Amino acid sequence: MRRPLHLLLAAALSAGALGLGAAAPSASAAAERPTAPAASTASGDQPYASYWYPNSILNWDPATDPDARFNRSRVPLRPRVSDPALKANANARAGEGKVVSLVSFAPTSNNPSQGSADPNYYAFGHWQYLDKLVFWGGSAGEGLILAPNPTVIDAAHRNGVKVYGTVFFPPTAYGGQLQWVRDFTQKSGGRYPVADKLAQVAQHYGFDGWFVNQETAGGDSALAGEVRNTMRYARSLGPVEFMWYDAMTESGSVSWQNALTSANDAFLQEGTQRTSDSMFLNFNWSSGGLSSSRSLARGLGRGEYDLFSGVDTESNGYDTGVDWNALFPAGQPHTTSLGLYRPEWTWKSAADRADSVAREARYWDGANGDPSDTTTGSSWKGLAQYVAESSPVTTKPFVTNFDAGQGDFYHSGGTRVSGAGWNNLSLQDVPPTYRWLVRSTGTRLKPSIDFTDAYEGGSALRLTGPLDAVNSVRLYQTRLPVAADTKLAVAVRTPAAGPTRLKAAVSFTDAPTAFTTLDLGSTTGTGWERKVLDLSAYAGRTIAQLGLETTGTAASYDIKVGQLGVYDGAVDAPAAPTAPTVLGTTDTGTSKSLRLGWTASATGEVHHYEVYRRNADGSRTFLGATPNDAYFVPKLDRAGTETSTTLDVEAVSTEFGRSPAASTTVTWSGTAESNLALNRPATASGQCNTAETPAKAVNGSVAGGTTDKWCATTSAKWLEVDLGSARPLSRFVVKHAAAGGESATWNTRDFRVEVRDSTTAAWTTAVTVTGNTAATTTHPVALTARYVRLVVTAPTQTTDPAARIYEFEAWGP
């Protein structure tokens, strides 16, 4: 759809798609709103991404903003390589048109700084085709200047992609005020104070620049000149970049040119003065307009690839009509770069995670799930048709666990340390460069990111299908020098002990398309096993590609790969962090939210820090992780009558070695609560087998394997617990299939909790849940009951008929 950005934003607001706020207030009402995000009311509250108005940003100081410490990215921008000889698609071109995407990950306000407990998230995984990402947002009713949160910066920088925040001046019809533009350009002597703050925010938080979208009408040429001066001044403070949106013209009016013209070219280059680093051209461009834009850019001494021609995919995704031949003509240099508006359509329009993965693959790789073969009757071939892949895998150590940055559980070294869902792009590994390139003279195996198992994090690589010939799977383009002590490590898991039929495959820059293979041998069991291979025979050469090769035959081949790494010497462990401190808590009596901080490890390359709680039985539960030196724990539950809880913070190196833990203690006060259903008499509508009894759902364990649950396939499915006497209850907790290690598709979708005081009383519904996808659900109540009953009405996310409940808990004093 060919619409200015404000109309796209307005449509999203009216439809509730973006969640960027309610209808814009009148100018007077907006002026009365707070000029900065409200300070946290308690020191343990959730930190959020920062947003401001032009005047309120002047008051921002990282030393006094309690959220600032949690909004810092610690991942530097990685260099990238793109070898034309290794591009997947023969039509793609390397080093020409670039790609920027404008993405809304969450609302402007209330956007958690460090991920959340919801596994349903836009965990973008095709960074290899992207050069810049704009953290899209801003609204008249919340704030006009939006800084990206650190999870997005961390993931983008790990993949060599720059990240911009957004400065949005809406039309007056949508709450815009010309005074805000004047505030943006205000001067103090020779300084532009708002520009000073834009540079300071970008440098302190660790992102790369700002996307400026000025659509407020009523300006004149003088104001337009001051907007340009503001950007030039900010750029001089360096390093901070600007991308300008084609809206305001040099006259001060708002008039979308859909091209670089004499009416807007000064916002890109004015004589010898570089105003912005790039320009996003509005969506209604034409072939002739792009050609003239290229010529004008060159005449200004700039390149045509500083121009990003906009394509709006918010509504129709890969069904959007695009004149691709005008933008990326076949067999010729690209005309300009490409600007994608709202590619997260692939997630927002999806029915579930599997559908989202399929839609993202169709959007970026093409209709065939193979970036080398983008043939299709659709006009949308996939970005792989036009743009050669880039890779940030240029230095050692390189380790990937194929972690997508979201999951239904968390694993450490192959052991489950949390059964709770999560998203955190700071933990996302560099995704495979090629999604997917499989070559075989027989049946091709199917690679996938598997969310049912992991070695580290919440996912792994999985290869499945009939194995009837050699399969070569290209995964990563690299530039990794091999030394005398370089190792290649692969963690694998097979359904049964025996030959893996799998080899690691490497090619070298002196023959980049010819693979050398190293056999991974056999497994001794069904758990994760880490194979370490010696690469010393190849010292002095440089690895150009990493992949896998399967050999032999198997009617139904199935292997999981949980880690692939190249590093020198032994696996390094960093020094432990020091002085972990609880910066603040918000206490509900039976649970807390916490802000933690620590001093970073003095030595060693740290990939991230992990936070755990120690349990009474000596085990630990994972609470979250970050590359930063501060982390917000959204929920720490009190266990029984404990008076204190010990928290551990440990550093994980870039080679995934682990430091000793540093510890701190959280104290509890007031009346303790316990699980009143624990080991109480339980009955049910039925059970799947003799091992999966109702008692298994109240035994306090989810770690006893897949039979450590109650299971039922009866037409009516219910589980009842007798608490012994009428007890006051504060919450119910239900632990579903994924909490015990089974597929998240088997998590209970629809259910209710009922209560009564006696066997002759009628059941009363206390909790009703529909559409659940989480592994563990918590349901606050305030009631008294002796008998509690879980009634399952839709047992899974699929047509599978079995209810699977690992624990049914009833908490109270």
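Residues numbered from 1 in each chain as written. Predicted model: local features only at pLDDT ≥ 70, side-chain atom pairs only at ≥ 80, totals over all residues. Heavy atoms only, no water.

Enquirer: Just to check I follow, could you spell out the overall build of the protein chain for this structure?
Expert: Scanning the protein chain from terminus to terminus reveals 10 helices and 45 strands. Since a compact globule built from 813 residues should have a radius of gyration of about 28 Å, the 28 Å found for the protein chain is in line with a globular shape. Once the C-alpha set of the protein chain is aligned to its principal axes, its extents read approximately 80 × 70 × 55 Å. Residue pairs in contact within the protein chain that sit at least 24 positions apart in sequence constitute 76% of those at least 6 positions apart. If the 69 positive side-chain charges of the protein chain are averaged to one point and the 75 negative ones to another, these points end up 1 Å apart. (Helix = DSSP H or I, 4+ residues; strand = E, 2+ residues; numbered from the N terminus. Rg over C-alpha atoms; globule rule 2.2 N^0.38 Å. Contact = heavy atoms within 4.5 Å. Lys, Arg positive; Asp, Glu negative; His and termini not counted. Charge placed at Lys NZ, Arg CZ, Asp CG, Glu CD.)

Enquirer: Explain helix α6 (residues 221-237) to me, please; I cannot follow it from the model alone.
Expert: Since one α-helical turn is 3.6 residues long, residues separated by three or four positions face the same way. The end-to-end C-alpha distance of α6 is 25 Å, a good match for the 24 Å that 17 residues give at a rise of 1.5 Å each. All buried positions along α6 are accounted for by Leu223, Ala224, Gly225, Val227, Arg228, Thr230, Met231, Arg232, Tyr233 and Ala234. A positive backbone phi angle near 35° is found at Gly238, which sits one or two residues after α6. (Expected span 1.5 Å × (residues − 1). Buried < 20%, exposed > 50% of the residue type's maximum accessible area, 1.4 Å probe, protein only.)

Enquirer: In this structure, what is going on with the pattern of salt bridges? I would like to understand it.
Expert: A pair can form between side chains of opposite charge whenever their charged atoms are brought close. This structure, assessed with the given rule, holds 46 salt bridges. Put simply, Arg749 and Asp750 hold a salt bridge, and the shortest N to O gap is 3.5 Å. Note that Arg789 is salt-bridged to Glu754, the shortest N-O span being 2.6 Å. In this pair, Arg789 is assigned in strand β43 (residues 776-794) and Glu754 in strand β41 (residues 750-756), connecting sequence segments 35 residues apart. The exposure class of Arg789 is buried, given its relative accessible area of 16%. (Salt bridge = Lys/Arg side-chain N within 4 Å of Asp/Glu carboxyl O.)

Enquirer: So what exactly am I meant to see when it comes to unusual backbone geometry here?
Expert: A negative phi holds for most residues other than glycine; trans holds for most peptide bonds. In this chain, Gly238 is followed by Pro239 through a cis amide linkage whose omega measures -10°. The omega angle of the peptide bond from Lys396 to Pro397 is 0°, so this bond is cis rather than trans. Looking at the secondary structure, you find Pro397 in the loop between α10 (353-364) and β13 (398-400). Although it is not a glycine, Phe656 sits at a positive phi angle of roughly 65°. Within the element layout of this structure, Phe656 appears in the loop between β35 (644-653) and β36 (662-667). Even without being glycine, Asn679 reaches a positive phi, approximately 60°. Relative to the assigned elements, Asn679 resides in the loop between β37 (674-675) and β38 (682-684).

Enquirer: I would appreciate a short explanation of the sheet that holds strand β25 (residues 511-519) in the present structure.
Expert: Within a sheet, adjacent strands bond to each other through the backbone by hydrogen bonds, running parallel or antiparallel. With antiparallel pairing, the 5 strands of this open sheet are ordered in space as β18-β21-β28-β24-β25. At either end of the open sheet lies a strand with only one pairing partner, and these are β18 (437-440) and β25. Going from strand to strand, the sheet's axes swing by 30° on average, the running direction of each strand aside. Pairing of strand β24 (residues 502-508) with β25, which is carried by 5 bridges, proceeds in the antiparallel orientation. Its bridge partner lying in β25, Phe508 is registered against Ala511. (Pairing = 2+ DSSP bridges. Axes fitted to C-alpha atoms, helices over the stretch in contact; angles between N-to-C directions.)

Enquirer: For this particular structure, what's the right way to read the pairing of strand β21 (residues 471-481)?
Expert: Consecutive side chains along a regular strand alternate between the two faces of the sheet. Summarising burial for β21: 9 of the 11 residues are buried, a large majority. Sheet analysis places β21 next to strand β28 (residues 542-550), joined by 8 bridges and oriented antiparallel. Residue pairing for β28: Val473 is matched across the bridge by Leu548.

Enquirer: How should the side chain of Arg362 be read in this particular structure?
Expert: Mapped onto the secondary structure, Arg362 falls in helix α10. At a separation of 3.2 Å, a polar atom in the side chain of Arg362 contacts the side chain of Ser378. Every residue in contact with Arg362, bar those within four places of it in the chain, is listed here: Tyr318, Ala367, Thr376, Ser378, Trp380, Lys381 and Gly382. (Polar contact = N/O pair within 3.5 Å; in protein donor to acceptor, adjacent residues only side chain to side chain.)

Enquirer: Could you clarify how one ought to interpret the pairing of strand β3 (residues 132-135) in this entry?
Expert: Taking every second residue as pointing to the same face, both faces of β3 are buried, with Lys132 and Val134 on one and Leu133 and Phe135 on the other. Pairing between strand β2 (residues 99-103) and β3: 4 bridges, direction parallel. For Ser101, the partnering residue across the bridge sits in β3 and is Leu133. Where β3 meets strand β5 (residues 162-169), 3 bridges bridge the pair, whose relative direction is parallel.

Enquirer: For this particular structure, what's the right way to read helix α7 (residues 287-299)?
Expert: The end-to-end C-alpha separation of α7 is 19 Å, in line with the 18 Å expected for 13 residues at 1.5 Å each. Here α7 has its buried residues at Gly289, Leu290, Ser293 and Ala297. The buried residues of α7 occupy one face: seen down the axis, they fall within an arc of 95°. Of the exposed residues in α7, those oriented more than 90 degrees away from the buried face are Arg298 and Gly299. At its buried positions, α7 is contacted by β10 (278-281), β11 (307-312) and α8 (324-327). With its phi angle positive at about 85°, Gly301 sits one or two positions after the end of α7. (Arc of directions from axis to C-beta.)

Enquirer: Sorry if this is basic, but what is going on with the packing of aromatic side chains here?
Expert: Where two aromatic rings form a pair, the distance of their centres and the angle of their planes describe that pair. Going through the model one piece at a time under the given rule, you end up with 38 aromatic pairs. Plain terms: the ring middles of Phe402 and Tyr476 are 6.4 Å apart, the flat faces sit at 40° to each other, and that makes the pair tilted. Separated by 74 residues along the polypeptide, Phe402 in the loop between β13 and β14 (406-407) and Tyr476 in strand β21 bring together distant segments of the chain. The two residues Phe402 and Tyr476 agree in class, both being buried. The ring of Phe267 is capped by Arg228, whose NZ or CZ atom sits 5.1 Å from the centre of that ring. Over the ring of Tyr318 we find Arg362, and its NZ or CZ is 5.0 Å from the ring centre. (Phe/Tyr/Trp six-rings, centres within 6.5 Å; stacked < 30°, edge-to-face > 60°. Lys NZ or Arg CZ within 6 Å of the ring centre and 35° of its normal.)

Enquirer: In this structure, what is going on with the environment of Gly219? I would like to understand it.
Expert: Positionally, Gly219 belongs in the loop between β6 (209-214) and α6. Among the residues examined, Gly219 registers a relative accessible area of 18% and is labelled buried. Sequence separation between Gly219 and Arg182 is 37 residues, and the spatial gap between their C-alpha atoms is 9.2 Å. If sequence neighbours within four positions are ignored, Gly219 has contacts with Leu178, Ser251, Gly252 and Ser253.

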